[in-house]
Structure formats: C-alpha cells, structure tokens
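Structural characterization, general
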Amino acid sequence: MGLTTVERSTGPALWPAIAERLRREIAERYEPDDFLPAEAELAAAFGVSRLTLRRAIDELVAEGLVRREHGRGVRVLGPDLVYAIDRATRFTLRLEEAGLEGRSVLVAAAAVAAEGGVARRLELAAGTPLARLVTLRFAKDLPLCLITHFVAPPEADVVLGTYRGGSLHAFLAERCGLVLERRTSLVTARLPEPEDARLLRQPATRPILRVKGVNVCARTGRPVEYSVTRFRGDRIELLVEAAPRPTGDVAAVPGAGAVAAPLPPSERDQPGDIVR
C-alpha cells in the first residue's frame, strides 16, 4: 500500500491521521469491492496498536467508505447512486431505479422573504413570502444529500402547513395537483459548510457536489421551487448526457439532457446570493 508510520507529533490521538491516510489510499489505489489488508498488517504498517487502527476504520465505516464483513475483512464501498440530471430529476425515483431504499427527513421549515438570487430564479418580487425547507435524504441509513428548498406561493402556505417529510415533489403533486420538471441545474464542486458536513457525516475537508436547480410547473412553466442540493461527492456520481450546442462563457446544465449553453443572467451568482 505504500503506507508509512504516522507522525507522533500529531498528538495523543493518532487515529484521525490514520483515517485520513486510509481515505487517500482508498481514493488513489482501490476500486469498489476491493478489500483492505488485514488489520494486523495495517497496524504494523502504521506502527500503531490494533485498537488505534480499529478506531480509524470505525470512522471510515461511519462515513460509508468501507464495510466490515465477518470472516472476510474490510470491503471498500463504491458510490451508492448514479444520479441522472434531466427534466424529471427526482431523488426518490432515482433511488428506486437503483434498487435502494430511500427516505427523506425534514430538518427545518420556516417562512422567509424572497431576495437576491432566490427572487430572480423564482421570478418573484423581493419580499414575496416563501417557504424555506431543509431536507436530508438517505439511502438506507447513509445520508447522501442535503437540500434547501424555496417554494413559491401559493404552494408555500400548503407546504409549511402540512409537509412533514418524504418526497416534496410527490407531496406537491398530491396536495396541489402540480407536476414539476427541471428547468436548469448548475453544478459546482465546493467544500461544505461545517453544519452541512456534520449532517452528511463527512469531513469538512472533503468536497461536495452542489446542484442549484429551478423546478417549474410542467403545464404552465411557472417557477415553483428553487433548490440548493449538497451531494456527498464520495457517494454520488452525476450523470449528464450532453448534446452539442453553441457554448458561451459559462456552462449551464439545462434540465432536458444537460448541454453546454450560455448561462442566463438570472442564473448567475450575484453578491449576497444564498448558496446553501
């Protein structure tokens, strides 16, 4: 593996340094379903006790990078989901297609006023009342993404009054008769905010994939929801089917099969925009 002993100057707790070294080794040298060397071999390579080595591996298990299998060892896990970005982007549906059991937990809900980029993307006047929701999406018991939703009126009042979790788009279809489709998706790699990292159970030093999306009523084209999704970059692969079109100075990812196109001014980040 090319492992070396960790520096003792890192302090009394050596397992965080070992966990970070193993993360790098897994990213650079291992494929999904590979097994790590035996614990005794790893402990000897790092020059630490097996107890310290196990604590480091416990951390990787909690993050969903590896899994202990009785009688076999520690298996490296691959991305749980290939997530296609298209007009019908639906988290719950994508999980079902991948054969995974998903669930959505409502983390926060509040009434807020539209401002900045949120108002622009929803095509609303500043100060318009909105519903702001934060949901955490799981595959089995592993958090995969954290989503901030801004829902426009008149659906905002319905959402704040009765939505308690699960698929938001299924809720809007059932309660409001709305079928939503994706107008645009803008993908960025960035480091997570500390609270986002905590909820996603990942180190704050590991990048996430942020997708800002506008969902509109499929019948009228009215913007209904603006969302900011933070995906765990180590557990999600975004699938974009590109078709050639004239390119501008910034690449956007339109909903109907993502292609390169000039980014409309309403979609560009401006100073003071909400980005999470």
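To keep things clear, this report deals only with the structure shown in the data block. This one's a predicted model, so the numbers in the text were calculated from it and none came from an experiment.

Our next topic: the overall build of the chain. Of regular secondary structure, the chain possesses eight helices and eleven strands. The proportion of buried residues among the 276 residues of the chain is 45%. Contacts in the chain between residues far apart in sequence, at least 24 positions, make up 62% of those at least 6 positions apart. Carbon and sulfur atoms form 54% of the exposed surface of the chain, whose accessible area is close to 13,400 Å².

Our focus in this paragraph is the environment of Phe-35. With respect to the element layout, Phe-35 can be found in the loop between helix 1 (15-29) and helix 2 (39-46). You can call Phe-35 partly exposed: its relative accessible area is 26%. In this structure the C-alpha to C-alpha distance between Phe-35 and Val-76, which are 41 residues apart in sequence, comes to 6.0 Å. Leaving out residues up to four positions away in the same chain, Phe-35 has contacts with Tyr-30, Glu-69, Arg-72, Gly-73, Val-74 and Arg-75.

With 15 residues, helix 1 should cover 21 Å at 1.5 Å per step; its first-to-last C-alpha distance of 20 Å lies within 8% of that length. When we look at burial in helix 1, the residues that qualify are Ile-18, Ala-19, Arg-21, Leu-22, Arg-23, Glu-25 and Ile-26. Check the buried side of helix 1 and you find it contacts helix 2, helix 3 (50-63), strand 1 (66-69) and strand 2 (73-76).

Here the focus is the pattern of salt bridges. Throughout the structure, instances matching the rule amount to 19 salt bridges. The closest approach of N and O atoms between Glu-39 and Arg-54, which form a salt bridge, is 2.8 Å. A residue pair is termed long-range when its members are at least 10 positions apart, and Glu-39 in helix 2 and Arg-54 in helix 3 qualify at 15 residues. We classify Glu-39 as buried; its relative accessible area is 16%. Here Arg-230 and Asp-196 are joined by a salt bridge, their closest N and O atoms 3.1 Å apart. A residue pair is termed long-range when its members are at least 10 positions apart, and Arg-230 in strand 9 (residues 223-232) and Asp-196 in helix 8 (residues 194-200) qualify at 34 residues.

With that settled, consider the nonpolar core. If you look at the biggest cluster of nonpolar residues, it comprises 19 residues, and the most contacted ones within it are Ile-18, Leu-22, Leu-36, Leu-53, Ile-57, Leu-60 and Val-66. Of all the secondary-structure elements, those providing two or more residues to this core are helix 1, helix 2, helix 3 and strand 2. The contacts of Val-66, once residues within four sequence positions are left out, are Ile-26, Leu-36, Ile-57, Leu-60, Val-61, Val-74, Arg-75, Val-76 and Leu-77. Membership of the second largest hydrophobic core comes to 13 residues, among which are Val-159, Leu-172, Leu-178 and Leu-180.

Here the focus is the environment of Arg-198. As for its placement among the helices and strands, Arg-198 is situated in helix 8. Take Arg-198: its relative accessible area is 54%, and that puts it in the exposed class.

The next thing to look at is helix 7 (residues 168-176). All of the buried residues in helix 7 are Leu-168, His-169, Phe-171 and Leu-172. One side of helix 7 carries all its buried residues, which in axial view fall inside an arc of 155°. Where the residues of helix 7 are buried, they touch strand 5 (129-139), strand 6 (142-151), helix 6 (155-162), strand 7 (180-190), strand 8 (208-217) and strand 9. Trailing helix 7 by a residue or two, Gly-177 shows a phi angle of about 65°, which is positive.

Each value, and the rule that gives it
Residues numbered from 1 in each chain as written. Predicted model: local features only at pLDDT ≥ 70, side-chain atom pairs only at ≥ 80, totals over all residues. Heavy atoms only, no water. Helix = DSSP H or I, 4+ residues; strand = E, 2+ residues; numbered from the N terminus. Buried < 20%, exposed > 50% of the residue type's maximum accessible area, 1.4 Å probe, protein only. Contact = heavy atoms within 4.5 Å. Areas by Shrake-Rupley, 256 points an atom, 1.4 Å probe, with all protein chains shown as cover. Expected span 1.5 Å × (residues − 1). Salt bridge = Lys/Arg side-chain N within 4 Å of Asp/Glu carboxyl O. Core = buried A, V, L, I, M, F, W, Y, C linked by side-chain atoms within 4.5 Å. Arc of directions from axis to C-beta.

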